[in-house]
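Each chain is listed here by its residues.
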Amino acid sequence: MAVTSQELNHWRRGLGTVPDSVWLRTELRVLILAENGLTEISPRIGRLRRLHTLDLGHNALTAVPDELGELTGLDRYLYLHDNRLAELPRSLGRLTRLRYLNIGENALTRLPDTVGGMSGLVELRAQHNRLKNLPESVGSLGGLRELWLRGNGLVRLPDSAGGLTELRHLDLRENSLTGLPDAMAGLPLLRHIDLRSNRIRALPDWLAGLPALEKLDLRWNDIAPAPRLLDELARRGCVVLT
């Protein structure tokens, strides 16, 4: 059902396939195709260059076309979560104005190195995939405030994570991390780090020097006691859960 001439909302309509008429709606600013059992998206989506919001979540997509990278008007939301995606097109790196990207609940084993070109991102959600590493280019996301990576297989974060100087929230729950890179020591605005259910055994001293840290969740790790560090964090008002 069209809400306005620039918004097309086909949420949970049981479409199965996208009607050809949709790809002719070049005036659209918002296109919602969530929960329709979609298995493919036509390359003709690249015609909809005025879109600022695109919702393809909760479908059965195994791939999305390279032409998504032609939607350079996307400057608000792109939802690709809860599909069956094993990879993302490198062309997504051309979406330099996009602020919110949700690619969670897929089967991604890696992110394209072009993700660092998405310089407008404020929030990136990639939870519940199969990621073991992140590309070094992630550190180029200088405006990123929230990074959600719960439920992957991450064994390390890249040193470039030290470039995420606007980061406030870092969710690393349910991974295989043994530590954090020292390059993160200078992150000035990081308030919340969730490290539950990893393989952390020791804490770096630099955690006490993170000026904005308010909450550090360390539950379900096998961490050696670090009373001086934990006492210092507590003294500063940081809530530490162990």
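As shown above, the structure is provided for reference.
Residues numbered from 1 in each chain as written. Predicted model: local features only at pLDDT ≥ 70, side-chain atom pairs only at ≥ 80, totals over all residues. Heavy atoms only, no water.

Quick notes on the overall build of the protein chain
Point 1. Check the secondary structure of the protein chain and you find 1 helix and 12 strands.
Point 2. Traced from its N-terminal end to its C-terminal end, the protein chain shows the element sequence β-β-β-β-β-β-β-β-β-β-β-α-β.
Point 3. When its C-alpha atoms are laid out on the principal axes, the protein chain stretches across 65 × 30 × 25 Å.
Point 4. Taken across its 242 residues, the protein chain has 52% of its residues classed as buried.
Point 5. Long-range pairs, those at least 24 residues apart, make up 28% of the contacts in the protein chain between residues at least 6 apart in sequence.
Point 6. Element-wise, carbon and sulfur atoms account for 47% of the exposed surface of the protein chain, whose accessible area totals about 11,100 Å². (Helix = DSSP H or I, 4+ residues; strand = E, 2+ residues; numbered from the N terminus. Buried < 20%, exposed > 50% of the residue type's maximum accessible area, 1.4 Å probe, protein only. Contact = heavy atoms within 4.5 Å. Areas by Shrake-Rupley, 256 points an atom, 1.4 Å probe, with all protein chains shown as cover.)

Quick word on the side chain of S42
Point 1. On the secondary structure map, S42 appears in the loop between strand 3 (30-32) and strand 4 (53-55).
Point 2. If we ignore the near neighbours within four places in the chain, the residues touching S42 are W23 and P65.

With respect to unusual backbone geometry
Point 1. Positioned with a positive phi, R12 is a non-glycine residue whose angle comes to about 50°.
Point 2. Tracing the backbone through its elements, the reader meets R12 in the loop between strand 2 (7-9) and strand 3.
Point 3. The class of R12 is exposed, set by a relative accessible area of 52%.
Point 4. Backbone geometry places E105, a non-glycine residue, at a positive phi of 55°.
Point 5. By the element assignment, E105 lies in the loop between strand 6 (100-102) and strand 7 (123-125).

A word on the pattern of salt bridges
Point 1. Across all of its chains, the model carries 15 salt bridges by this definition.
Point 2. R25 is the salt-bridge partner of E27, the closest N and O atoms lying 2.5 Å from each other.
Point 3. Salt-bridge contacts for R196 lead to D194; the nearest nitrogen and oxygen are separated by 2.6 Å. As far as burial versus exposure is concerned, R196 and D194 are alike and both buried.
Point 4. Each of D194, R196, D217 and R219 takes part in one network of salt bridges that share partners. (Salt bridge = Lys/Arg side-chain N within 4 Å of Asp/Glu carboxyl O.)

Side note on the packing of aromatic side chains
Point 1. Enumeration over the complete set of coordinates arrives at 3 aromatic pairs.
Point 2. Pairing Y77 with Y100 gives two aromatic rings, centres 5.6 Å apart and planes at 65°, and the pair type is edge-to-face. On the criterion of sequence distance, the pair formed by Y77 in strand 5 (residues 77-79) and Y100 in strand 6 is long-range, its members being 23 residues apart.
Point 3. In this structure Y100 comes out as buried when scored by relative accessible area, which is 15%.
Point 4. Taking 5.4 Å as the distance between ring centres and 50° as the angle between the ring planes, the aromatic pair formed by Y79 and Y100 counts as tilted. (Phe/Tyr/Trp six-rings, centres within 6.5 Å; stacked < 30°, edge-to-face > 60°.)

Some remarks on the environment of L48
Point 1. Following the sequence through the fold, L48 ends up in the loop between strand 3 and strand 4.
Point 2. Filtering out sequence-adjacent residues up to four positions away, L48 remains in contact with V22, W23, R25, T26, L31 and L71.

Some details on the environment of V18
Point 1. In this structure, V18 sits in the loop between strand 2 and strand 3.
Point 2. The spatial distance from the C-alpha of V18 to the C-alpha of E136 is 36 Å, given a sequence separation of 118 residues.
Point 3. Ignoring any residue separated from it by four or fewer positions in sequence, one finds V18 in contact with W23, L33, L38 and I41.

Side note on the side chain of N198
Point 1. Along the chain, N198 falls in the loop between strand 10 (192-194) and strand 11 (215-217).
Point 2. Within the structure, the side chain of N198 is placed 3.1 Å from the backbone oxygen of L195, a separation counted as a polar contact. (Polar contact = N/O pair within 3.5 Å; in protein donor to acceptor, adjacent residues only side chain to side chain.)

Nothing here speaks to function; it is all geometry.
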